Amino acid sequence: MSLFVAWNDLLLTEFFSAAAEREEVWIRATRAELDSFGLHLGGAQGLADAVGSGAPWLPSLPNCAVAARILVDQRKDVLRTPAYVDPGTANPRYAGMRAPAYLPILALWVLAASDEQVEGGFYASVQGWLGQTFRNEPKVTEGMSRAWEDLETWSSKECGGRYGIFHCRVLGEHRFVGIPRSQALISRQDERNLSRLFWEARFRPGQDLTDMALASLMQRGRESVFLTKALRSAMARPEYQLPLAALLRKLMGMWSGGRPKSGIPSSGRASGEELANEPGEAKAAVTLVLLPSEEVPNGWDVCWSFPAIVDAPGCSFEIAGQRMAARLHRASAIFLTDASPHHVRQSLAALSDSAFGQLEAMVHFDDDGSGMYEDQSRKEPIRQTSRRILAWNSIDPRFGQQLTERELPLYGVFYLVCAPADWDRTNPWLRREQVSFEAMDVRGLPSGWQMACIHRAERLTAEQRKYLADETEAIDVPQARLRFVGGSRLLRGGARLFASYDLPAVELDAPPGAQLHAPGLQLSEVPQHSAEEGPSGFRRFLLGLSDLTRSSFEIKLVAGSAELANLRLRVADLDGEGRGEAKDFSLDSLGFPRPGVDGLRGIFIGGQDLPAGIWHRDQVSNVAAVTGWMDGSFSELGAAQFLDTLAARGSISYGAARDQISRLCCGTNPISLLMDLRARGCLEIETNGKGHFVRVHGVAPSLYGLPSTQDGLPLFGVSGTLRLAQWGLLQANPNFMLAAAEPFAGHLPAVRVAAVDEDSVKAECSPMGFLFAQAPARDVAFWAGSLQQSRVAAELRGAEAISAELGHLHRLKADTARFVPVADQRMTIDRECGAQLFRFDDPQATALQLYVLGVRRADGTPRYSHVPDSRWGVWTSQMAFAQMLKEQHGRNDAFPWPLHYDPEARNLWVPARLRPPAVLERALALCAGTGPLVHFLISGAHTEDLSPVFDSHSGRVVGAISHVYREFVPGHWLCYSWVPAEIARRVAALLGCALVPFECTEAAFSPETLNA
């Protein structure tokens, strides 16, 4: 697919989706947005390159405006050239709709209108992006006008608003430039200057922009000369109010609160002097939770919660140097600290300290032992306040009842938790104001702290709410509130969507008797907590889709004939990425997804004229019999049950797979299990252009040859997506001797078959529904791509700069292969190494991260490219570091980078932080029919050449490592078993490494040596 066609398909699905049905669509193709959702296609520069190269079926043309005019004619012409690529052929959702193929050109116009002002104006900006002469001529303006008008006709008349409605508006005095300017609304210059507007309006970071506050902000903005004339004009026109409101709320959420320098616009980032210490200044991410104590009568367990912004099973909070574990409550979309006595005491101390100053909590996400989370951590605030407002949380009865910190409710009961000094002020104030409350005799709070229950929130005046919420101005009090809680949120085309497999709950704060109306949705109310103090005004409803043909749903809250509030639920396509079932799926030689079955799928490589691999006699060795699990039943294994479901359905969206694994394999990390099954060829995981998991695909059940024998009999591995009945057939087959190792908790045991010879296994395969392969590990190893190829591919699709909002930017520190925070939030490639891997929050998808590889080319220019498989990025960064050590510091032991191999045991050892890319790991796992064993290695005394390491569990010396791995111990290491030397050498060569012996005997390194 050409870059132009790929961009057109992306822009079409981004801005014109079924979730935008009958709503106005805005093509917000700013540099930041393009670098966000189009990062894998080169971002803003990639779009410019696509427009410069043009549609592949068009001849060389004077400029892109001429191309736009021709593409408008071709869209409507049934006799157009056969080479024309209709977007409906690539995306079945637009089949027969004659969707436009000129969207990249229009997006470039919007980009030029929203970018920095350059000398010569708008058309000079277009010329700068395209790198070619571009003049403002009538034929140019006429061609572009036709494209804008055609887009309005297609969306509103031909499609009837099915994918949203585009309006061809003009913003400003210039007719033609005003159309793309109306789509961007807020230029880069305005983005910087809006922080000054927020400051002058005395807003706080993260403040909720109510309708009243927004109207006030718009009024002030219309009079602010530091904003562009176009934005001030938009603020005065009603048709721009909705998109402006969404953009201003987004920018408010990003604003740090810094004071702009006098006369100089603020950057909107953390710069300059901070606001005065006003209560509630910082947007608190870590919030208080009280759990009814199971041990103390009338007592509470103090805990802390944090939004689940990373898809990890758990994390730990480090507050004032003390760590406490936290587990994921998926339905609540939060991590909640453990309620053990020790951790409750730590939480209690933090609550007491928060009355006197803002605290910082370092949130460390769990590492599953295989380098999956790569030391992710975030520094988050616990806001300073001596009074906290809590209400009952009942989103899921499985998690029990909780009092959670939140905004002041509109109706029903809520609770105040006050420090001693605050209670001395609040108690008499409540009495003077004649607010109905009850001082509660409770235990478990810090010494002197008090809890009070306010009985009727609806009776509070605006001034009373201002006092209790510690606000500087009276609060706008709506009739009711509706909001979404939890769910997988996606940002597309400037709108918030939810993944169909992970819908949110709806929470309402409304008077008794109010009802929800939501045609097309199933509503299931979560039982409320029955408190002696009275009913809560909060109610929760779980959502389900009853109308699968729709993507947009109106949710209304009504009382009698009056509508109190409304929400719109927008649902992304079933797989969350605008694709269909896509069952014809495989991997290319670098492990990247490809359509069709011409690549790697399971243990077979399709469409390749390759000689079938065989194991030579010198590669086969005898192994001891594996015992331990064979008395168990596969039908009782959660992992086998999941594979059975996958086999029945062919493919499952990632979210549905994740949730089913969570239910079937309690306590098992779904990502860890899926990656283990992928390494063994039991399934394939489809990723989108950014590398996020999208779908899980089943593969054919297979038996295959292993380079090992047992008691003289050849061994065979089991792969593919088996039904439960097929496991039974394997166990019952009299011609097979089955052996299965004790499985890692929640995982699938390593199953191997011993038989008389290969022919007898082949004969049994077909009746059981299996395929057969002789030596797939060898096939994959000699078909897979190399690290050098992955780097070249990255450079080709890279951009010279990335301007997306880089939240929680980290870079890979090569000497430890750990990610560390970047202070200035900008990607900078190390000049000595020349290659650097970065990770940051995906601006479009909550709880997901993006990986970008920065490479400095020979001419010194940088290239930043998204890395679909982050492991290639890790190894590229690591090898560049190793080469620098040799060339500049004389470290001949660092380059080629050592890869440790024990030729006697045939074990290949790799630090978990350097886990091989997916295709190479497949080759290694198929040598033993199982994924790697995870060992936590501890270093012993250092010697001149190698450092001994021993397993922390067994205490046994397992080998000796090179000094370049000194920072990798203590730490998790992966041991790939039964790997023939030829395969080990091949994998090492593909990674640019050299095999180094790992063997080490107890005699050489005794316990006394280790303890020296």
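Report follows, based on the coordinates. (Residues numbered from 1 in each chain as written. Predicted model: local features only at pLDDT ≥ 70, side-chain atom pairs only at ≥ 80, totals over all residues. Heavy atoms only, no water.)

## Considerations on the overall build of the chain
This is how it is decided: A helix here means a DSSP run of H or I that spans at least four residues, while a strand means a run of E at least two residues long, and both kinds are numbered starting from the N terminus. To sort residues, take the accessible area from a 1.4 Å probe on protein chains only and compare it with the maximum for the residue type: under 20% means buried, over 50% means exposed, and anything in between is partly exposed. Two residues form a contact once any of their heavy atoms are found within 4.5 Å. For every accessible area listed, the method is Shrake-Rupley and the probe measures 1.4 Å; residues are considered covered only by the protein chains on display.
Looking only at helices and strands, the chain features 27 helices and 48 strands. Split into buried and exposed, the 1012 residues of the chain put 57% on the buried side. In the chain, the proportion of contacts linking residues at least 24 apart, taken out of those at least 6 apart, comes to 68%. When the accessible surface of the chain is totalled, it reaches about 41000 Å², and 50% of it is carbon and sulfur.

## Some points on helix 6 (residues 103-114)
For clarity, the cut-off: Every helix has an expected span of 1.5 Å times one less than the residues it contains.
Taking 1.5 Å as the rise per residue, helix 6 with twelve residues should run 16 Å; its terminal C-alpha atoms sit 17 Å apart, in good agreement. Burial analysis of helix 6 places twelve of its twelve residues in the buried class, the great majority of the element. Every buried residue of helix 6 is listed here: Leu-103, Pro-104, Ile-105, Leu-106, Ala-107, Leu-108, Trp-109, Val-110, Leu-111, Ala-112, Ala-113 and Ser-114.

## Description of the nonpolar core
Across soluble globular proteins, nonpolar side chains have a tendency to be buried as a group. Selection rule: For the purposes of this section, nonpolar cores are sets of buried Ala, Val, Leu, Ile, Met, Phe, Trp, Tyr and Cys residues that join through side-chain atoms within 4.5 Å.
In terms of nonpolar packing, the biggest core is built from 81 residues, with Trp-875, Trp-897 and Leu-914 touching the most fellow members. Of the residues forming this core, the biggest block, nine residues, is contributed by helix 24 (residues 870-889). When near neighbours in sequence (up to four residues on either side) are disregarded, Trp-897 contacts Trp-875, Gln-878, Met-879, Ala-882, Leu-914, Val-964, Tyr-965, Phe-968, Gly-992, Cys-993 and Ala-994.

## Focus on the environment of Gln-849
Mapped onto the elements, Gln-849 comes out in strand 40 (residues 849-856). The class for Gln-849 is buried, based on a relative accessible area of 12%.

## Regarding the pairing of strand 31 (residues 693-698)
Threshold: In short, DSSP must find at least two bridges between two strands for them to pair.
Burial analysis of strand 31 places six of its six residues in the buried class, the great majority of the element. Bridge count for strand 29 (residues 651-653) against strand 31 is three bridges, and the pairing is antiparallel. Bridging from a neighbouring strand, Ile-652 pairs with Val-696 of strand 31. The pairing of strand 30 (residues 683-687) with strand 31 spans five bridges and is antiparallel. Bridged to Thr-687 within strand 31 is Phe-693. Linking two consecutive strands that pair antiparallel, namely strand 30 and strand 31, is a turn of five residues; a positive phi of about 95° is found at Gly-691 within it.

## Considerations on the packing of helix 6 against helix 7 (residues 122-130)
Convention followed: Where helices are involved, their axes are fitted lines through C-alpha atoms of the stretch in contact, as for all axes, and angles between N-to-C directions lie from 0 to 180°. Roughly parallel refers to an angle under 35 degrees, roughly antiparallel to one over 145, roughly perpendicular to one between 65 and 115, and oblique to any angle outside these ranges. Working rule for handedness: look at the near helix, and if it is turned counterclockwise from the far one by less than a right angle, call the crossing left-handed; if clockwise, right-handed. Residues are grouped as follows: nonpolar covers Ala, Val, Leu, Ile, Met, Phe, Trp, Tyr, Cys and Pro; charged covers Asp, Glu, Lys and Arg; every other residue, Gly included, is treated as polar.
Between helix 6 and helix 7, whose axes approach to 9 Å, the crossing angle comes to 120°. In terms of orientation, helix 6 and helix 7 fall into the oblique class. With respect to the hand of their crossing, helix 6 and helix 7 are arranged in right-handed fashion. The residues of helix 7 that touch helix 6, namely those facing Leu-108, Trp-109, Leu-111, Ala-112 and Ala-113, are Phe-122, Tyr-123, Ser-125, Val-126, Trp-129 and Leu-130. For the contact of helix 6 with helix 7, the class distribution of residues is ten nonpolar, one polar and no charged.

## Re the sheet that holds strand 37 (residues 810-813)
In any sheet, the strands associate via hydrogen bonds between backbone groups, in a parallel or an antiparallel arrangement. Strand order in the open sheet formed by five strands is 38-37-39-40-41, with antiparallel pairing between adjacent strands. Unpaired on one side and paired on the other, strand 38 (818-821) and strand 41 (862-866) mark the two borders of the sheet. The average angle at which neighbouring strand axes cross in this sheet is 30°, direction not considered. Sheet topology note: the strand 40/strand 41 ladder contains five bridges and is antiparallel. Along strand 41, the bridge assignment pairs Arg-856 with Pro-862. Here helix 24 sits on the sheet in contact with strand 37, strand 39 (835-841) and strand 40, set at roughly 140° to strand 39.

## So, the side chain of Ser-702
Cut-off, in case you're wondering: For this analysis, a polar contact is any N or O atom pair within 3.5 Å, provided that within protein one partner can donate a hydrogen and the other can accept it, and provided that sequence-adjacent residues contribute only side-chain to side-chain pairs.
Within the secondary structure layout, Ser-702 lies in strand 32 (residues 702-710). Within the structure, Ser-702 has its side chain in polar contact with the backbone oxygen of Ala-700 (distance 3.0 Å). Residues contacting Ser-702, with those up to four places away along its chain left out, are Ile-603, Phe-604, Gly-717, Val-718, Ser-719, Phe-770 and Leu-771.

## Here's the deal with the environment of Gly-43
Tracing the backbone through its elements, the reader meets Gly-43 in helix 3 (residues 43-53). Classification of Gly-43 by relative accessible area gives buried; the value is 0%. Along the backbone, Gly-43 and Tyr-864 are 821 residues apart, and their C-alpha atoms lie at a distance of 9.6 Å. For Gly-43, the residues in contact, after removing those within four places along its chain, are Trp-7, Leu-34, Asp-35 and Gly-38.

## Considerations on the pattern of salt bridges
We count it as follows: Salt-bridge detection follows one rule: a side-chain nitrogen of Lys or Arg within 4 Å of a carboxyl oxygen of Asp or Glu.
For the structure on display, the rule yields 38 salt bridges. The residue Glu-921 makes a salt bridge to Arg-915 at a minimum N-O spacing of 2.8 Å. According to the relative accessible area criterion, Glu-921 is buried, its value standing at 3%. Accessibility expressed as a relative area gives 6% for Arg-915, which makes it buried. Bridged by salt links that share partners, the residues Arg-406, Glu-407, Arg-483, Glu-507 and Arg-540 form one connected network.

## Overview of unusual backbone geometry
At the junction of Phe-895 and Pro-896, the peptide bond is cis and its omega measures out at 0° in the coordinates. Structurally, Pro-896 is set in the loop between helix 24 and strand 42 (897-902). Residue Pro-970 is reached from Val-969 by a cis peptide bond, and omega for that bond is -5°. As for its position among the elements, Pro-970 is in the loop between strand 46 (957-962) and strand 47 (971-976). One non-glycine residue with positive phi stands out, namely Ala-817, at about 55°.

## Let's talk about the sheet that holds strand 29
Pairing in this open sheet of three strands is antiparallel, and the strands run 29-31-30 from one edge to the other. Each of the sheet's edge strands pairs with one partner strand only, and the pair in question is strand 29 and strand 30. Direction aside, neighbouring strands of the sheet carry axes that sit 25° apart on average. Its contacts with the sheet place helix 17 (residues 638-649) against strand 29, strand 30 and strand 31, and it is angled at close to 110° to strand 29.

## Brief notes about helix 23 (residues 787-796)
Defined as follows: Along the arc lie the directions from the helix axis toward the C-beta atoms.
Every buried residue belonging to helix 23 is among Leu-787, Ser-790, Ala-793 and Ala-794, and all of these are buried. The buried residues of helix 23 occupy an angular sector of 120° when the element is viewed end-on, so they sit on one face. Every exposed residue of helix 23 that faces more than 90 degrees away from the buried side is listed here: Gln-788 and Leu-796. For helix 23, the secondary structure elements touched by its buried residues are strand 40, strand 41, helix 24 and helix 26 (981-991).

## Some details on the packing of aromatic side chains
For the record, the criterion: Any Phe, Tyr or Trp ring, taking Trp's six-membered ring, that has another such ring centre within 6.5 Å forms a pair; planes under 30 degrees apart are called stacked, those over 60 apart edge-to-face, and the others tilted.
Taken as a whole and judged by the stated rule, the model has 20 aromatic pairs. On the basis of an interplanar angle of 75° and a centroid distance of 5.7 Å, the ring pair of Phe-16 and Trp-154 is categorised as edge-to-face. Residue Phe-16 is located in the loop between helix 1 (3-15) and strand 1 (24-25), and its partner Trp-154 is located in helix 8 (residues 138-158); the two are separated by 138 residues in the primary sequence. Judged by its relative accessible area of 1%, Phe-16 falls in the buried class. You can call Trp-154 buried: its relative accessible area is 0%.

## Some words on the pairing of strand 46
Along strand 46, six of the six residues are buried, which leaves the element largely enclosed by surrounding structure. The sheet contact formed by strand 45 (residues 946-951) and strand 46 spans five bridges and is antiparallel. When the sheet's bridge partners are listed, Phe-950 is paired in strand 46 with Val-957. Counting the residues between successive antiparallel strands, the hairpin from strand 45 to strand 46 contains five residues, one of them, Gly-955, with a positive phi of roughly 75°.

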